[in-house]
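Structural characterization, general
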Amino acid sequence: MAQLIQSIYLVVVITLLSILLSGIEMITFSNGQSFSEFSVFGLYSGTVGSEPTHPDMAFPFYILDIILVVMHAFVLFPHKKIKVKLKWAQYSFLIYVLSGLGLLIFMLTGSELALQGSAVSPKAGLFLFLAGIPLSYLAVKSVKKDKALVDSVDRIR
């Protein structure tokens, strides 16, 4: 039963992270006449009433997003060695939490980087990214339950 639950958690996390690769904006900085949008592909700027033109800064955040998707997909696949699966789940959760903290720090301090004196507004992409963190934790917890179940069966033999 725990295998099914962890699979559901992991599929939802992979889906949330994959949606971000469509370029949905995560954070917007605006100061009235100009704005900057941050997505996984970088920080784009423009003037009010126009589309963002070119990236001011190209962050390799999409690479981190792809790595997280691959790591969570690797945890999703069945393994004969449950210890390896648990390690991958823990590492992917750790990287996910650290990148989430980095994103929140960027949101709080990025107004100086993007536009001086700008207002910060989180967008749907940020919430999609942060919504996967508790699900990733629940997947790790479920893998630990599987490991405990396998270990208890091995003791009976």
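Just so it is clear, the model here is predicted, and its values are computed rather than measured.

Moving on, we come to the overall build of the protein chain. Regarding its fold elements, the protein chain presents four helices and five strands. Beginning at the N terminus, the succession of helices and strands in the protein chain can be written as α-β-β-β-β-α-α-β-α. Relative to its 157 residues, the protein chain shows a buried fraction of 38%. Taking the intrachain contacts of the protein chain between residues at least 6 apart in sequence as the baseline, contacts between residues at least 24 apart amount to 62%. Carbon together with sulfur atoms contributes 70% to the accessible area of the protein chain, which is approximately 8,700 Å² in total.

What follows deals with the confidence of the model for the protein chain. Per-residue confidence for the protein chain averages 84 on the pLDDT scale, and 87% of its residues sit at or above 70. Mean pLDDT values over the elements of the protein chain span from 61, in strand β4 (residues 55-57), up to 91, in helix α2 (residues 61-76).

Per the stated rule, a full pass over the model turns up one salt bridge. Two residues, K147 and D151, come together in a salt bridge whose shortest N-O distance is 3.0 Å. With K147 and D151 both in helix α4 (residues 124-156) and four residues apart, this pair spans about one turn of that helix.

We now examine the nonpolar core. Side chains of a nonpolar character, in soluble globular proteins, are inclined to be buried together. Of all hydrophobic cores here, the largest spans 21 residues; its most connected members are L17, M26, F38 and F129. Put simply, the parts of the chain that give this core at least two residues each are α1 (2-20), β1 (27-30), α2, α3 (82-114) and α4. Core analysis: the second largest hydrophobic core is formed by seven residues, L10, L86, A89 and V143 among them.

This paragraph deals with the environment of I66. Among the structural elements, I66 can be located in helix α2. In this structure the C-alpha to C-alpha distance between I66 and S18, which are 48 residues apart in sequence, comes to 8.0 Å.

This brings us to α2. For α2, built from 16 residues, the straight-helix expectation of 22 Å at 1.5 Å per residue is met to within 8% by its first-to-last C-alpha distance of 23 Å. Turning to α2, its buried residues are F61, D65, L68, V69, M71, H72, A73 and V75.

As for its placement among the helices and strands, T28 is situated in strand β1. By relative accessible area, which is 10% here, T28 ends up buried. Among the polar contacts listed, one links the side chain of T28 to the side chain of E25, at a separation of 3.2 Å. Those residues in contact with T28 that lie beyond four places of it in its chain are S36, E37, A119, V120, S121 and K123.

Quick look at a nonpolar patch on the surface now. Judged by side-chain polarity, F41, Y62, I63, I66, I67 and V70 come together as a nonpolar surface patch covering roughly 490 Å² of accessible area. Among the structural elements, Y62 can be located in helix α2.

Definitions and limits used
Residues numbered from 1 in each chain as written. Predicted model: local features only at pLDDT ≥ 70, side-chain atom pairs only at ≥ 80, totals over all residues. Heavy atoms only, no water. Helix = DSSP H or I, 4+ residues; strand = E, 2+ residues; numbered from the N terminus. Buried < 20%, exposed > 50% of the residue type's maximum accessible area, 1.4 Å probe, protein only. Contact = heavy atoms within 4.5 Å. Areas by Shrake-Rupley, 256 points an atom, 1.4 Å probe, with all protein chains shown as cover. pLDDT = per-residue confidence, 0-100. Salt bridge = Lys/Arg side-chain N within 4 Å of Asp/Glu carboxyl O. Core = buried A, V, L, I, M, F, W, Y, C linked by side-chain atoms within 4.5 Å. Expected span 1.5 Å × (residues − 1). Polar contact = N/O pair within 3.5 Å; in protein donor to acceptor, adjacent residues only side chain to side chain. Patch = residues over 30% accessible without salt bridge, like charges linked within 9 Å, V, L, I, M, F, W, Y side chains within 5 Å.

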